[in-house]
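Breakdown of the fold
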Amino acid sequence: MTDARNLPRPTQNIHEYLAEFDDIPGTRVYTAARARKGYHINQFAMSLMKAENRERFKADEKAYLDEWDISDEGKAALLARDYNKLLDLGGNVYFLAKLFSTDGLSFAEAVSTMTEYTFPEYREMMLRGGRSPEGNRSIKANRAAAGAADSKGAH
Amino acid sequence: MARITAGVASSHVPLLGVAVDQGKTRDDYFGPIFAGYDWTREWEKREKPDVVILVYNDHASAFDMKIVPTFAIGCGERYKSADEGWGPRPVPDVIGDPDLAWHIAQSLILDEFDMTIINEMDVDHGLTVPLSMMFGQPEAWPCKVVPLAVNVVTYPVPSGNRCWALGEAIRRAVESYPEDLNVQIWGTGGMSHQLQGPRAGLLNREWDNKFLDMLEADNDDARWIPHIEYLRETGSEGIEMVMWLIMRGALGRKVKTVHRHYHIPCSNTAIGHIVLEPVEEETAPA
């Protein structure tokens with residue numbers, strides 16, 4: 001007996017696969033394009049796993065960053081610990097986490113800086129069950145819902 | 001012959017390792033999380049697995065962006081705890097089983113899974129936290145470990161179907177190993193969590209529990225969940241749950257649930273834990 005589920009499925013088209021990722025609100029999926037763009041930011045972060053590099057970085061952050069092939073924009077975002085900006089520049093959170101720990105920040109505290117909340121507010125949200133997926137699944141669906149609400153209001 | 005006697009899934013949040021290492025596992029915050037593992041720690045003492053095939057992901061510890069293997073198997077003699085930026089966790093070295101690991105690696109490659117072989121690496125919280133959750137704080141880990149590292153960070157990560165099929169191939173490989181070994185397979189990571197961007201902090205109790213139900217079922221529907229569904233429903237890091245499918249795929253069609261636990265939150269993450277045993281099915285008459 002043939003089970004339809006076990007038949008080979010067509011390979012997913014990479015363009016369609018990637019396009020869907022841009023529809024998720026407040027999320028930068030770590031695609032190959034981002035990985036390529038952020039390569040040196042992530043490798044810099046990786047270097048902070050060594051204690052002697054952490055010391056050198058802390059002693060003069062700017063000088064340490066100048067040793068890396070990172071754009072001025074990237075260096076500024078690193079100095080400012082602007083993590084959303086760093087995600088846009090191809091940073092990945094598991095690499096950036098090396099910078100969190102160099103700064104002595106917990107993962108949750110560093111993550112909270114990317115949200116609309118202060119750390120105590122963020123912690124409170126997590127204790128209450130976290131951020132709801134409702135209204136957070138799809139940018140297009142949110143727009144459609146907002147559009148429907150607007151046209152309702154106009155009548 | 002060697003047999004896969006059970007599958008275990010568990011989150012591997014680094015904060016759980018901190019709680020163990022700092023003796024906080026029974027405080028108000030961590031108590032309810034660790035209570036859900038008490039059953040499993042007693043069960044493991046009775047089960048005494050010889051080897052655990054431990055499916056996990058490296059979090060920029062052993063691998064940086066220089067090399068990104070999709071599926072990599074540890075064939076080394078031993079692995080040290082990685083320094084993830086605040087010093088290595090004070091846990092025993094992880095002892096490998098190079099004979100079994102190489103047997104699995106060779107079998108998988110003949111079975112068309114083109115594995116990356118690792119002979120030397122340090123292992124991070126993705127691997128050591130599940131060991132602490134299941135075995136506590138022994139002087140030495142009570143079993144050997146075959147690390148199986150999966151790329152769930154750089155997209156595209158392997159599909160759920162591919163992960164499930166890898167589990168099926170691992171089972172075939174284990175069952176063709178002549179030594180009489182009690183082997184468990186663990187899938188780690190998850191459940192819902194998002195560690196990045198303005199949507200960080202997303203958790204989804206309903207979806208996570210639906211996923212646990214799917215793992216308990218006598219079918220393989222879970223292998224067809226597309227990546228976009230994990231991303232939308234469970235946060236960007238919820239994709240780690242594809243690693244649970246490798247465990248589930250290795251157990252065969254029918255399983256018995258012997259333990260299940262779910263708790264929100266641990267730091268940024270929903271904690272999920274399930275213990276499944278394969279159920280031998282009678283072959284229908286031809």
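All values derive from a computational prediction rather than experimental measurement.

For chain A, the helix and strand inventory stands at 11 helices and zero strands. N-terminal to C-terminal, the α/β element order of chain A is α-α-α-α-α-α-α-α-α-α-α. Here the C-alpha radius of gyration of chain A, 20 Å, is well above what a compact globule of 155 residues would show, namely 15 Å. Along the first, second and third principal axes, the C-alpha atoms of chain A reach 60 × 50 × 30 Å. Looking at chain A as a whole, 42% of its 155 residues qualify as buried. A sequence separation of at least 24 residues applies to 48% of the contacts in chain A between residues at least 6 apart. Within the structure as shown, chain A displays about 8,700 Å² of accessible surface, and the carbon and sulfur contribution to it stands at 53%. Averaging the locations of the 22 positively and 23 negatively charged side chains of chain A gives two centres separated by 3 Å.

All names here are of chain B. Strand order in the open sheet formed by three strands is β5-β4-β7, with mixed pairing between adjacent strands. Whereas interior strands pair on both sides, the edge strands pair on one side only; in this sheet they are β5 (94–95) and β7 (122–123). Bridge count between strand β4 (residues 78–81) and β5: two bridges; the pairing is antiparallel. Across the sheet, the residue bridging to Arg78 is Ile95, located in β5.

With that out of the way, let us pick up the interface of chain B and chain A. Each partner contributes to the interface: chain B provides 47 residues, whereas chain A provides 50 residues. Buried area between chain B and chain A, both sides added, is near 4,100 Å², and the carbon and sulfur share of it is 59%. Applying the counting criterion to the chain B and chain A interface returns 23 residue pairs in polar contact (both at pLDDT 80 or more). For the side of chain B that touches chain A, the elements supplying multiple residues, two or more each, are α7 (227–234) and β10 (255–266) of chain B. The class makeup of the residues in the side of chain B that touches chain A is 19 nonpolar, 16 polar and 12 charged.

Another aspect to go through is the pairing of strand β8 (residues 144–150) of chain B. Residues and elements named next belong to chain B. Across the seven residues that make up β8, a large majority, six, are buried. Across three bridges, strand β3 (residues 71–74) lies against β8 in antiparallel orientation. Along β8, the bridge assignment pairs Ile73 with Leu148.

We now examine the side chain of Thr154 of chain B. Among the secondary structure elements, Thr154 of chain B is positioned in the loop between β8 and α5 (160–175). The buried category is assigned to Thr154 of chain B, whose relative accessible area is 11%. Discounting chain neighbours no more than four positions away, the residues touching Thr154 of chain B are Tyr30 and Ala35 of chain A together with Met65 and Val68 of chain B.

The next subject is a nonpolar patch on the surface. All names here are of chain B. A surface patch of nonpolar side chains, about 240 Å² in accessible area, is lined by Trp102, Ile109 and Ile117. Mapped onto the elements, Ile117 comes out in strand β6 (residues 116–118). For Ile117, a relative accessible area of 31% puts it in the partly exposed group.

Parameters at a glance
Residues numbered from 1 in each chain as written. Chains lettered and ligands numbered in written order. Predicted model: local features only at pLDDT ≥ 70, side-chain atom pairs only at ≥ 80, totals over all residues. Heavy atoms only, no water. Helix = DSSP H or I, 4+ residues; strand = E, 2+ residues; numbered from the N terminus. Rg over C-alpha atoms; globule rule 2.2 N^0.38 Å. Buried < 20%, exposed > 50% of the residue type's maximum accessible area, 1.4 Å probe, protein only. Contact = heavy atoms within 4.5 Å. Areas by Shrake-Rupley, 256 points an atom, 1.4 Å probe, with all protein chains shown as cover. Lys, Arg positive; Asp, Glu negative; His and termini not counted. Charge placed at Lys NZ, Arg CZ, Asp CG, Glu CD. Pairing = 2+ DSSP bridges. Buried area = accessible area lost by both parts, 1.4 Å probe. Polar contact = N/O pair within 3.5 Å; in protein donor to acceptor, adjacent residues only side chain to side chain. Nonpolar A, V, L, I, M, F, W, Y, C, P; charged D, E, K, R; others polar. Patch = residues over 30% accessible without salt bridge, like charges linked within 9 Å, V, L, I, M, F, W, Y side chains within 5 Å. Salt bridge = Lys/Arg side-chain N within 4 Å of Asp/Glu carboxyl O.

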